[in-house]
Amino acid sequence: MLRAILGFSLVLGVHCVAPSFAVSAELDEIEQRGYLVVAVKDNWRPLGFRDETGTLVGLEIDIARQLAIELFGDPNAVELKPVSNLERLSVVLNDEVDVAIAGVTMTEARSRLVSFSIPYYLDGTGIITRNPAIQQNQDLHGQRIGVLENSSAIALMRYFYPSATLVSTDSYHQALSQLENSQADAFAGDVSVLAGWVQEHPEYKILPSLVSAEPLGIVIPKGTQFSPLRRQINQSIQSWIDSGWLDERADYWGLP
């Protein structure tokens, strides 16, 4: 699958006025500093989350540490800075981190603000259920499908399953409650989030076909001065794809 997403290999582009306490740097400055500063998620299982000991783990944490190995030969030569969803771009734009590896999908709107690496994972909208009558995507016709308010999944569900009844929810937590209380038969959301859901609630399953595909990329500051950093990151991702390392890590973390 990771080889297939190379068709999305976009080198997109951003620069913003740096504040007085800048952290993000060009490649040679990062090498002189001796460590990489990376924005990550700490509540997005299995991309980035805290295990029972409080240690940051997940696919994107592995990627950040592997980049540190590529640059410094040391997986610990990285400072991981947990951020909220709203902060994922701003910390790069405001020079608070070197890069962000935080479940950021590569969209045209975002590409006007920041640069992206080539994709490292193909995320998208998936469907989760525990209803034994729903085994394939076509079984969703006429069913009640939970969707997050104002999410892109709403238009997708209306298009692909016009006979389904959409059940609005304001969070993944509430969506789980709706499924548990039989207020919905299935739920549509980010497959990377749903993979973590299944790990915590194995009675649920993700249906085999994604409804949409959205590549995830590493967020890099925009500007020609950051081109060496972007090239280094792209070369690293390409080598991980070629060697099978990315596929192996995605499998390890239970990502579909």
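Below: a short report on this structure.

Calculation rules
- Residues numbered from 1 in each chain as written.
- Predicted model: local features only at pLDDT ≥ 70, side-chain atom pairs only at ≥ 80, totals over all residues.
- Heavy atoms only, no water.
- Helix = DSSP H or I, 4+ residues; strand = E, 2+ residues; numbered from the N terminus.
- Rg over C-alpha atoms; globule rule 2.2 N^0.38 Å.
- Buried < 20%, exposed > 50% of the residue type's maximum accessible area, 1.4 Å probe, protein only.
- Areas by Shrake-Rupley, 256 points an atom, 1.4 Å probe, with all protein chains shown as cover.
- Salt bridge = Lys/Arg side-chain N within 4 Å of Asp/Glu carboxyl O.
- Phe/Tyr/Trp six-rings, centres within 6.5 Å; stacked < 30°, edge-to-face > 60°.
- Lys NZ or Arg CZ within 6 Å of the ring centre and 35° of its normal.
- Pairing = 2+ DSSP bridges.
- Right-handed = clockwise from strand over helix to strand, strands pointing away.
- 1 Å grid on protein atoms, 1.4 Å probe; cavity = no way out; pocket = protein on both sides within 12 Å on 5 of 7 lines; lining within 4 Å.
- Points joined across faces, edges and corners; volume = space filled by probe spheres on them.
- Nonpolar A, V, L, I, M, F, W, Y, C, P; charged D, E, K, R; others polar.
- Contact = heavy atoms within 4.5 Å.
- Axes fitted to C-alpha atoms, helices over the stretch in contact; angles between N-to-C directions.

**Regarding the overall build of the chain**
- The number of helices and strands found in the chain is nine helices and 15 strands.
- In summary, the chain has a C-alpha radius of gyration of 19 Å against a globular reference of 18 Å for 256 residues, a match within 12%.
- For the chain, the spread of C-alpha atoms along the principal axes amounts to about 60 × 35 × 30 Å.
- Counting all 256 residues of the chain, 50% fall into the buried class.
- Here the chain displays about 11500 Å² of accessible surface, and carbon together with sulfur accounts for 50% of that area.

**Observations regarding the pattern of salt bridges**
- Tallied over the entire structure, the rule returns seven salt bridges.
- Salt-bridge contacts for Asp98 lead to Arg33; the nearest nitrogen and oxygen are separated by 2.6 Å. Of this pair, Asp98 sits in the loop between helix 3 (90–93) and strand 6 (99–100) while Arg33 sits in helix 1 (residues 27–33), and the two are 65 residues apart along the sequence.
- Owing to a relative accessible area of 0%, Asp98 belongs among the buried residues under this scheme.

**With respect to the packing of aromatic side chains**
- Overall, the coordinates contain eight aromatic pairs when judged by the stated rule.
- Centroid distance Trp240 to Trp245: 5.1 Å. Interplanar angle 55°. Geometry classified as tilted.
- The class of Trp240 is buried, set by a relative accessible area of 3%.
- An aromatic cluster is built from Tyr172, Phe187, Trp197 and Tyr204, whose rings are joined through pairwise contacts.
- A cation sits over an aromatic face here: Arg33 above Tyr35, 5.3 Å from the ring centre.
- The ring centre of Tyr252 lies 4.4 Å from the NZ or CZ of Arg249, which sits over that ring.

**Some points on the pairing of strand 10 (residues 144–148)**
- With four of five residues buried, strand 10 lies mostly within the body of the structure.
- The pairing of strand 10 with strand 11 (residues 165–169) spans five bridges and is classified as parallel. Bridge pairing in strand 11 places Ile145 opposite Leu166.
- What joins strand 10 to strand 11 is helix 5 (residues 153–160), and the crossover it makes is right-handed.
- Pairing of strand 10 with strand 12 (residues 186–190), which is carried by three bridges, proceeds in the parallel orientation. Each residue of the ladder has a partner; that of Gly146, found in strand 12, is Phe187.

**Here we look at the sheet that holds strand 3 (residues 48–50)**
- Overall, antiparallel pairing links the three strands, which are arranged 2-3-4 in an open sheet. Across the chains shown, the open sheet's two edge strands, defined by having one partner strand only, are strand 2 (43–44) and strand 4 (56–57).
- Sheet analysis places strand 3 next to strand 4, joined by two bridges and oriented antiparallel. For Phe49, the partnering residue across the bridge sits in strand 4 and is Val57.

**A closer look at the layout of surface pockets**
- Of the pockets and cavities examined, the largest pocket occupies roughly 890 Å³.
- Along the wall of the largest pocket there are 33 residues; nearest its centre are Trp44, Asn85, Tyr172, Asp190 and Val193.
- Within the lining of the largest pocket, the residues separate by chemical class into nine nonpolar, 13 polar and eleven charged.

**Section: the sheet that holds strand 11**
- Spatial ordering of the open sheet is given by 11-10-12-9-13, a layout of five strands whose pairing is mixed. The open sheet has two edge strands, strand 11 and strand 13 (205–206), and neither has a second partner.
- In the packing of helix 7 (residues 191–200) onto the sheet, contacts are made with strand 9 (125–129), strand 12 and strand 13, and the angle to strand 12 comes to roughly 125°.

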